[in-house]
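Chains, contacts and geometry: an overview
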Amino acid sequence: MNKDIIEEFYHLALLDIANGRSISELEEALDLYETAEEFEACAGILKAIHESGFMTIKEIINKLEDDEHTKNN
């Protein structure tokens, strides 16, 4: 599996959550990616769904900002 793709979908899913998308909407997307056999996308979305259960929206936003800052340095 390509870890870069997994991380990209993880960050995109966290961004969706921070912007108000529901977990059920992400699960629908997960079903579509699973049907298309895009397993890296599934892994990233699942990681975001799981971790978001333990984070506030503020914590998610801070994580995205920290990851972006780390990526650019």
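As a starting point, this report considers the structure included with it. All of these numbers come straight from a predicted model, not from anything done at the bench. (Residues numbered from 1 in each chain as written. Predicted model: local features only at pLDDT ≥ 70, side-chain atom pairs only at ≥ 80, totals over all residues. Heavy atoms only, no water.)

So, on to the environment of aspartate 16. For aspartate 16, the location among the structural elements is in helix H1 (residues 3–18). Separated by 27 residues in sequence, aspartate 16 and alanine 43 have C-alpha atoms that sit 16 Å apart. In this structure, aspartate 16 is in contact with Arg21 and Leu26, ignoring residues within four places of it in sequence. (Helix = DSSP H or I, 4+ residues; strand = E, 2+ residues; numbered from the N terminus. Contact = heavy atoms within 4.5 Å.)

Moving on to the environment of glutamate 59. Tracing the chain through its elements places glutamate 59 in helix H4 (residues 57–72). For glutamate 59, a relative accessible area of 39% puts it in the partly exposed group. Considering only alpha carbons, one finds glutamate 59 and alanine 18, 41 residues apart in sequence, at a separation of 9.3 Å. (Buried < 20%, exposed > 50% of the residue type's maximum accessible area, 1.4 Å probe, protein only.)

Our next topic: the side chain of serine 52. Locating serine 52 in the fold gives a position in helix H3 (residues 39–52). Residue classification places serine 52 among the buried positions, given a relative accessible area of 10%. Once residues within four sequence positions are removed from consideration, serine 52 is found in contact with Ile17, Ile23 and Ile60.

So, about the pattern of salt bridges. Under the counting rule described, the total for this entry stands at 4 salt bridges. Between lysine 47 and glutamate 7 there is a salt bridge whose closest N-O contact spans 2.8 Å. Here lysine 47, found in helix H3, pairs with glutamate 7, found in helix H1; they are 40 residues apart in sequence, far enough to count as distant. With relative accessibility at 29%, the residue glutamate 7 sits in the partly exposed group. Aspartate 16 serves as the salt-bridge partner of arginine 21, at 3.8 Å between the closest nitrogen and oxygen. Assessed through its relative accessible area of 40%, arginine 21 is described here as partly exposed. Overall, the relative accessible area of 28% leaves aspartate 16 in the partly exposed class. Through salt bridges with shared partners, one network takes in Asp16, Arg21 and Glu25. (Salt bridge = Lys/Arg side-chain N within 4 Å of Asp/Glu carboxyl O.)

The next thing to look at is unusual backbone geometry. Non-glycine residue glutamate 37 carries a positive phi angle of around 60°. Looking at where glutamate 37 falls in the secondary structure, it is placed in the loop between helix H2 (23–35) and H3.

Worth remembering: the numbers are spatial, not functional.
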